[in-house]
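Okay, here's what each chain looks like letter by letter:
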Amino acid sequence: MNVHVLFLRLPDSTGLIPRDRVALQREFARKALRRCARECGAPEEGWRQDEDSVPQPNQGWCWSISHKREWAAAAISRTPVGVDVEKIAPRRESMLDEIAESWEWGQLGGKTWEGFFRLWTAKEATLKANGVGISGLGECRLAKVGQCDSLEMEFRGRRFTVSHFHHDGHVVGVTAEPNSICWRVLDDRARERCDA
C-alpha cells in the first residue's frame, strides 16, 4: 500500500498578523489532509489528536501534517507516518551544529542549508511517525545517506527511511513503511509523482 502525500499552496498571507497567519496555515494543513484522504480512499472527517497533539489513527489510517507560510503538507498511510515541510533559506549559523554532529555532516558532504533542511525534515518526520515531539531530537540520528534523495534515520534502536521531495524552494520529508510514496502537488503548476 502506498503512502499518500499532498503538498498544498497557501494563499498569500502578507499583511496578516502572526496569529492569523498561523491560523491560516493550520486551516490549509487540515484542507490538505481532507483532500489527501479523499484521494486515497480514507475518511475525510474524524482526524483527531490526543491531549499532547499526537495524531490518532482514523479507521486504520495514520496521518501527519505540517505547514509553513507558503505550503502545507499532509501524509496518510496504513502504518505510522510522519511528514515535515521547510523552506530552504539561510538561518543563524549556530543552528547547523545544533541539528547534527560532525559525523552526520560528513555523511551529507559538509554543512549546507540544503543539507540542514533535508536532515531537519528527516528528523522531524521520524519523530512524528513515532508520536514524539521535538524533545526527542537528540535521540534521532542520521544512520546513512540513501538513494533517490532519501536518508536513513535511527531512533531508539530502529531505522526509518525518509524520502524527500523538493518543490518551489521547499523540501518535504516523509517516512512510513512500506516506503512507496505518491506525491501530489496542488498549485498553479500542479504536478504529481509516484515513487514505487
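Rules of the game
- Residues numbered from 1 in each chain as written.
- Predicted model: local features only at pLDDT ≥ 70, side-chain atom pairs only at ≥ 80, totals over all residues.
- Heavy atoms only, no water.
- Phe/Tyr/Trp six-rings, centres within 6.5 Å; stacked < 30°, edge-to-face > 60°.
- Helix = DSSP H or I, 4+ residues; strand = E, 2+ residues; numbered from the N terminus.
- Buried < 20%, exposed > 50% of the residue type's maximum accessible area, 1.4 Å probe, protein only.
- Disulfide = S-S within 2.5 Å.
- Core = buried A, V, L, I, M, F, W, Y, C linked by side-chain atoms within 4.5 Å.
- Contact = heavy atoms within 4.5 Å.

Trainee: Any chance you could explain the packing of aromatic side chains here in plain terms?
Mentor: The way to describe two aromatic rings as a pair is by their centre distance and the angle between their planes. On inspection of all chains with the given rule, the structure shows 8 aromatic pairs. Ring geometry for F7 versus F165: centroids 6.4 Å apart, planes at 85°, classification edge-to-face. A residue pair is termed long-range when its members are at least 10 positions apart, and F7 in strand 1 (residues 3-9) and F165 in strand 7 (residues 158-167) qualify at 158 residues. Like F7, the residue F165 is buried in the burial classification. With a centroid separation of 6.3 Å and an interplanar angle of 15°, the aromatic rings of F116 and W120 are classed as stacked. Pair noted here: F116 and W120 are both in helix 4 (residues 113-129), with a separation of 4 residues, about one helical turn. We note that F116, like W120, is buried. Put simply, the rings of F7, W71, F165 and W183 pair up and form one aromatic cluster.

Trainee: For this particular structure, what's the right way to read the state of the cysteines?
Mentor: In a disulfide, the sulfur atoms of two cysteines are held together by a covalent bond. Counted by the stated rule, this structure contains 0 disulfides. The closest cysteine sulfur to the non-disulfide-bonded C40 is located on C36, 5.1 Å from its own sulfur. Left without a disulfide partner, C62 is nearest to the cysteine sulfur of C40, which lies 11 Å away. When its relative accessible area of 14% is taken as the criterion, C62 is described as buried.

Trainee: Whenever I open this one, the nonpolar core confuses me. Can you help?
Mentor: As a rule of thumb, nonpolar side chains are buried together in soluble globular proteins. Ranked by size, the top nonpolar core spans 24 residues in total, and within it I99, W105, F116, L119, L151 and M153 carry the most contacts. At 8 residues, the largest contribution of residues to this core is made by helix 4. In this structure, F116 is in contact with M95, L96, I99 and W105, ignoring residues within four places of it in sequence. Ranked by size, the runner-up nonpolar core spans 20 residues in total, among them W47, W63, I65 and A74.

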